[in-house]
Amino acid sequence: MRASLIQIAVDEDESVEARRQRAAALVREQAGADLVVLPELWTTGAFAYEEFGREAEPLEGPTYDVMAKAASDAGVWLHAGSIPERDPEGPLYNTSLVFSPSGELAAAYRKIHRFGFDKGEAVLMGAGRELVTVRLPGTTLGVATCYDLRFPELFRGLADAGAEVLVIPAGWPERRRAHWTLLAQARAVENQAFVLACGTAGTHAGVPQAGHSIVVDPWGEVLAEAGAGEEVLTVEFDPAKVATTRDQFPALKDRVLGLAPPHHHD
Ligand SMILES: NC(=O)CCC(=O)C(=O)O
């Protein structure tokens, strides 16, 4: 499987529409790949909280249209990153879109863990409640978004649902880059799965982005890692390595579930 992670720069001197068209052109350039991935909230920037309401769009809005066409023009599976989605009957959501090579929507995932504690995304957006996997020829993707990376139980749920390739669009800040790399490797090792984590470059809302998109194999080896700037990270890997790793080192079979609550000793 050939995958291209488009680590696009999100800077305030570029309009959302110009970036949308630029992202679509970058997707088209990846014709020949099997899977193309864009980052989280790349239209606005993940920390541009004031833009969320202004730039929110319905699920089938302008980003959907442009990305569906780009996927079919390139003939690739496209994880188009996430958009600020305006649900006509509810709050905003941080929603990822996955398109098939014919430009059909294969899946939408509303980010479950919202970042910001008592401000930002955590108060401006609603929380998704559903895990999402996507069946591709020869493998299954499990999708999660940025801050979700800190919550291992979500990824174990995806692995239990058959995910072999964990795809994580993000807008991760430079300040916590060490966590990004460590957590991407941890999620790969503990689930014996590939991790494809695609971040943004540039600086928006005063927050320099980490970039450093990363692809990790089921043994925890880093197959490819981007630098800090805008870059397309391309990698080839064999999803069958998930099954061989799980067969040869069957740690997932040693899970002990349903433990009794802790016994407190005073
Ligand atoms: N957009 C995000 O979810 C940011 C997450 C983050 O900065 C962190 O977990 O650290």
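Note that the structure is predicted; figures quoted are calculated from it, not measured. (Residues numbered from 1 in each chain as written. Predicted model: local features only at pLDDT ≥ 70, side-chain atom pairs only at ≥ 80, totals over all residues. Heavy atoms only, no water.)

Caption draft 1: View of the site of the ligand. Looking at the ligand, the residues that line it are Glu40, Ala46, Phe47, Lys111, Phe115, Cys146, Tyr147, Arg150, Gly171, Trp172, Pro173 and Arg176. In the model, an oxygen atom of the ligand is placed 3.1 Å from a nitrogen or oxygen of the Tyr147 main chain. One of the side-chain N or O atoms of Arg176 is found 2.5 Å from an oxygen atom in the ligand. For the ligand, the accessible surface in isolation is 300 Å², of which the surrounding protein chains cover 99%. Per-class residue counts for the shell around the ligand are seven nonpolar, one polar and four charged. (Near = heavy atom within 4 Å. Polar contact = N/O pair within 3.5 Å; in protein donor to acceptor, adjacent residues only side chain to side chain. Areas by Shrake-Rupley, 256 points an atom, 1.4 Å probe, with all protein chains shown as cover. Nonpolar A, V, L, I, M, F, W, Y, C, P; charged D, E, K, R; others polar.)

Caption draft 2: Fine view of the packing of helix α5 (residues 152-160) against helix α6 (residues 177-191). Following both chains from N to C, one finds α5 and α6 inclined at 40 degrees, their axes separated by 10 Å at the closest point. As summarised for this structure, α5 and α6 are arranged oblique, according to the angle between their axes. Crossing geometry of α5 relative to α6 is assigned as right-handed. Every residue of α6 that contacts α5 at Pro152, Phe155, Arg156 and Ala159 is listed here: Arg187, Glu190 and Asn191. For the contact of α5 with α6, a count of residues per class yields three nonpolar, one polar and three charged. (Axes fitted to C-alpha atoms, helices over the stretch in contact; angles between N-to-C directions. Helix = DSSP H or I, 4+ residues; strand = E, 2+ residues; numbered from the N terminus. Parallel < 35°, antiparallel > 145°, perpendicular 65-115°, else oblique. Left-handed = near helix turned anticlockwise from the far one by under 90°. Contact = heavy atoms within 4.5 Å.)

Caption draft 3: Highlighting empty space enclosed by the protein. This model, assessed by the stated rule, comprises one cavity of 30 Å³ or more. For the largest cavity, the calculated volume is near 120 Å³. Lining the largest cavity are 13 residues; nearest its centre among them are Phe47, Phe115, Cys146, Tyr147 and Gly171. Classifying every residue of the lining of the largest cavity by side-chain character gives seven nonpolar, one polar and five charged. (1 Å grid on protein atoms, 1.4 Å probe; cavity = no way out; pocket = protein on both sides within 12 Å on 5 of 7 lines; lining within 4 Å. Points joined across faces, edges and corners; volume = space filled by probe spheres on them.)

Caption draft 4: Examining the packing of aromatic side chains more closely. As enumerated under the stated definition, the model contains 11 aromatic pairs in all. On the basis of an interplanar angle of 35 degrees and a centroid distance of 4.5 Å, the ring pair of Phe194 and Phe237 is categorised as tilted. Here Phe194 is found in strand β9 (residues 194-198), whereas its partner Phe237 is found in the loop between β14 (231-236) and α7 (240-248), with 43 residues between them in sequence. A single burial state applies to Phe194 and to Phe237, both of which are buried. One aromatic cluster is present, formed by Phe47, Tyr49, Phe52, Phe115, Phe117, Tyr147 and Phe151 through successive ring pairs. Stacked on the ring of Tyr93, the Lys or Arg Arg110 has its end atom at 3.8 Å from the ring centre. (Phe/Tyr/Trp six-rings, centres within 6.5 Å; stacked < 30°, edge-to-face > 60°. Buried < 20%, exposed > 50% of the residue type's maximum accessible area, 1.4 Å probe, protein only. Lys NZ or Arg CZ within 6 Å of the ring centre and 35° of its normal.)

By themselves, these figures tell us nothing about what the structure is for.
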